[in-house]
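Report on the structure
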Amino acid sequence: MPDALQLFSPWLDATMTHPAIAGREPDPMLDRDRLLAAARAWARDRALDDPLISPGLGDLDGLPPTVVHQGGRDLLAPDARRARRSLQVRLYPDGFHDFVAAWWTAEARAVYAEVARAARG
């Protein structure tokens, strides 16, 4: 088991049933219907609410210290907010899905700095 985890915009619930997802303004990176199709293909014979498919619906208490870096505009943000009881969630209000890939933005640089500090101990 690793000493810690740093997750960037994770997909914690493939069911896409969180009530806040339906009312969100369009995500520039993600589409709910396409995500559901991808989830069904990934899950194959498993139910979408199986924790092996949707880890946010399972017991996360056995994980090492875990920090989630999530954009506030990300379609997946409501599930990250719900996971706050088990994970440390850093929400970047203006961040879109996988905003850390936009290395030139202030939000991404803040994440890189935090991850570097954590890695150094």
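No experiment lies behind these values; they were computed from the predicted model shown. (Residues numbered from 1 in each chain as written. Predicted model: local features only at pLDDT ≥ 70, side-chain atom pairs only at ≥ 80, totals over all residues. Heavy atoms only, no water.)

If you trace the backbone, S9 turns up in the loop between β1 (5-8) and α1 (19-22). Polar contacts involving the side chain of S9 include one to the main-chain amide nitrogen of D98, which spans 2.9 Å. Apart from residues no more than four positions distant in its own chain, S9 is found in contact with H69, Q70, D74, L76, F96, H97, D98 and F99. (Helix = DSSP H or I, 4+ residues; strand = E, 2+ residues; numbered from the N terminus. Polar contact = N/O pair within 3.5 Å; in protein donor to acceptor, adjacent residues only side chain to side chain. Contact = heavy atoms within 4.5 Å.)

This part takes up the pairing of strand β2 (residues 66-71). Here is the key point about a regular strand: its side chains alternate between the two faces of the sheet. Counting buried residues along β2, six of its six residues qualify, which places the element largely inside the surrounding structure. Across five bridges, β2 lies against strand β3 (residues 88-92) in parallel orientation. Pairing of V68 across the sheet is with V89, part of β3. You can see the chain leave β2, run along helix α3 (residues 77-82) and come back into β3, and the turn it takes is right-handed. (Buried < 20%, exposed > 50% of the residue type's maximum accessible area, 1.4 Å probe, protein only. Pairing = 2+ DSSP bridges. Right-handed = clockwise from strand over helix to strand, strands pointing away.)

Turning to the packing of aromatic side chains, a few remarks are in order. As enumerated under the stated definition, the model contains two aromatic pairs in all. Here the aromatic rings of Y92 and F99 are separated by 5.1 Å at their centres, their planes lie at 45 degrees, and the arrangement is tilted. Like F99, Y92 is buried. When the centroid spacing of 5.5 Å and the interplanar angle of 90 degrees are considered together, the rings of W103 and W104 count as edge-to-face. (Phe/Tyr/Trp six-rings, centres within 6.5 Å; stacked < 30°, edge-to-face > 60°.)

Moving on: the pattern of salt bridges. One pass over the full model with this rule turns up five salt bridges. A salt bridge links E114 to R90, with the nearest nitrogen and oxygen atoms 3.0 Å apart. Taken as a pair, E114 in helix α4 (residues 106-120) and R90 in strand β3 lie far apart in primary sequence, 24 residues in all. A single network of salt bridges, built from pairs that share partners, joins D13, D79 and R82. (Salt bridge = Lys/Arg side-chain N within 4 Å of Asp/Glu carboxyl O.)

As a further point, take α4. For α4, which comprises 15 residues, the first-to-last C-alpha distance of 21 Å matches the rise-based estimate of 21 Å (1.5 Å per residue) to within 8%. Residues of α4 that are buried include every one of A108, V111 and E114, and no others. Along α4, the residues classed as buried sweep out an arc of 125 degrees about the axis, all on the same side. Set apart from the buried face of α4 by more than 90 degrees, the exposed residues are A106, R117 and R120. On its buried face, α4 is in contact with β1, β2 and β3. Within two residues after α4, G121 carries a phi angle of roughly 90 degrees, on the positive side. (Expected span 1.5 Å × (residues − 1). Arc of directions from axis to C-beta.)

If you look at the biggest cluster of nonpolar residues, it comprises twelve residues: A14, M16, I21, L30, L35, L36, A39, A43, L48, I53, L75 and L76. For this core, the element with the highest residue contribution is helix α2 (residues 32-43), accounting for four residues. Ignoring anything within four residues of it in the chain, the contact list for A39 reads W11, A14 and L48. Grouped together as the second largest cluster of nonpolar side chains are seven residues, L12, V68, A80 and V89 included. (Core = buried A, V, L, I, M, F, W, Y, C linked by side-chain atoms within 4.5 Å.)

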